[in-house]
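Examination of the molecular architecture
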Amino acid sequence: MKKPTVFVLNGPNLNLLGTREPAVYGSQTLADVEQLCAAACERHGFALRFHQSNYEGALVDWIHEAGRLQAAGELAGVVLNAGAYTHTSVALLDAVKGTGVTLIELHISNVHARESFRHHSYIAGAAKAVLCGFGVQGYGLAIDGLAGL
Ligand code: DQA
């Protein structure tokens, strides 16, 4: 039997992790985050698909791909840090609703302790769970959470 797959999707500017506002996002890079996710997936017997894009449509396409895997019974879930698109994107909300993927919305920072424009998420209402403020270790926690569902 195929291992269930976890998609970890990262939106705009997350390629800058490590040098981007380290007081907010820490000093670990996106490559470090990928390693942490690989270790979490290994622990739970999941296959990992890890992606980052600065383009909204690329994130939509990956959610569609995850939806096809879910329909085939081969998806453990999606962990999505949509970055700023969280606060702007009806297209990402529609992709999550349209595919019905099991999705964890994740933020490295506690968005509720920051500017008010970060308090609203278009995606949260269609997410299974929302996790924010744990720094990059939140990615591992989200994968542990998917394993427990
Ligand atoms: C973020 C929070 C967003 O508000 C911001 O636009 C990001 C990163 C986080 O991980 O804390 O790009 O999603």
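Residues numbered from 1 in each chain as written. Predicted model: local features only at pLDDT ≥ 70, side-chain atom pairs only at ≥ 80, totals over all residues. Heavy atoms only, no water.

Thoughts on the side chain of S121
- Mapped onto the secondary structure, S121 falls in the loop between β4 (103-107) and β5 (129-132).
- A residue is classified by how much of its surface remains accessible, and S121, at 17% relative accessible area, is buried.
- Side chain to side chain, S121 and E105 meet in a polar contact 2.7 Å long.
- In this structure the side chain of S121 is engaged in a polar contact, spanning 2.9 Å, whose partner is the backbone nitrogen of A124.
- Apart from residues no more than four positions distant in its own chain, S121 is found in contact with T86 and E105. (Helix = DSSP H or I, 4+ residues; strand = E, 2+ residues; numbered from the N terminus. Buried < 20%, exposed > 50% of the residue type's maximum accessible area, 1.4 Å probe, protein only. Polar contact = N/O pair within 3.5 Å; in protein donor to acceptor, adjacent residues only side chain to side chain. Contact = heavy atoms within 4.5 Å.)

A closer look at the environment of Y85
- Tracing the sequence through the fold places Y85 in the loop between β3 (75-81) and α4 (90-99).
- For Y85, a relative accessible area of 19% puts it in the buried group.
- Spatially, the C-alpha atom of Y85 lies 12 Å from that of H107, the residues being 22 residues apart in sequence.
- In contact with Y85, other than residues within four places in its own chain, are P12, N54, Y55, E56, L59 and L92.
- Looking at Y85, its side chain comes within polar contact range of the main-chain oxygen of N54, at 2.8 Å.

A closer look at the environment of L146
- Inspection of the secondary structure assignment puts L146 in helix α5 (residues 137-148).
- Residue classification places L146 among the buried residues on the basis of a relative accessible area of 4%.
- Non-local contacts of L146, meaning those with residues more than four positions away in its chain, are made with V6, A76, G77, V78, V79, T102 and I104.

Thoughts on the site of the ligand
- Lining the immediate environment of the ligand, one finds R20, Y25, N81, G83, A84, H87, H107, I108, S109, V111, R114 and R118.
- Within the contact set of the ligand, an oxygen atom lies 2.8 Å away from a side-chain nitrogen or oxygen of N81.
- H87 places a polar side-chain atom, nitrogen or oxygen, 2.7 Å from an oxygen atom of the ligand.
- Coverage of the ligand by the protein chains reaches 99% of its 320 Å² of free accessible surface.
- Here the shell around the ligand is built from residues that sort into 4 nonpolar, 5 polar and 3 charged. (Near = heavy atom within 4 Å. Areas by Shrake-Rupley, 256 points an atom, 1.4 Å probe, with all protein chains shown as cover. Nonpolar A, V, L, I, M, F, W, Y, C, P; charged D, E, K, R; others polar.)

Things to note about the UniProt feature "binding site: substrate" (unreviewed entry) in the protein chain
- Look at the UniProt record and you will see "binding site: substrate" (unreviewed entry) annotated at N81, H87, D94, I108, S109 and R118. The greatest C-alpha distance among the residues just named is 24.5 Å, and with 38 residues of sequence between them they are spread in space as well.
- Relative to the assigned elements, N81 resides in strand β3.
- Look at N81 and you get buried, because its relative accessible area is 3%.
- Setting aside anything within four residues of it in sequence, one finds N81 in contact with L9, N10, G11, L14, L106, H107, I108 and Y139. (UniProt positions renumbered as here; feature names shortened; annotations may be inferred.)

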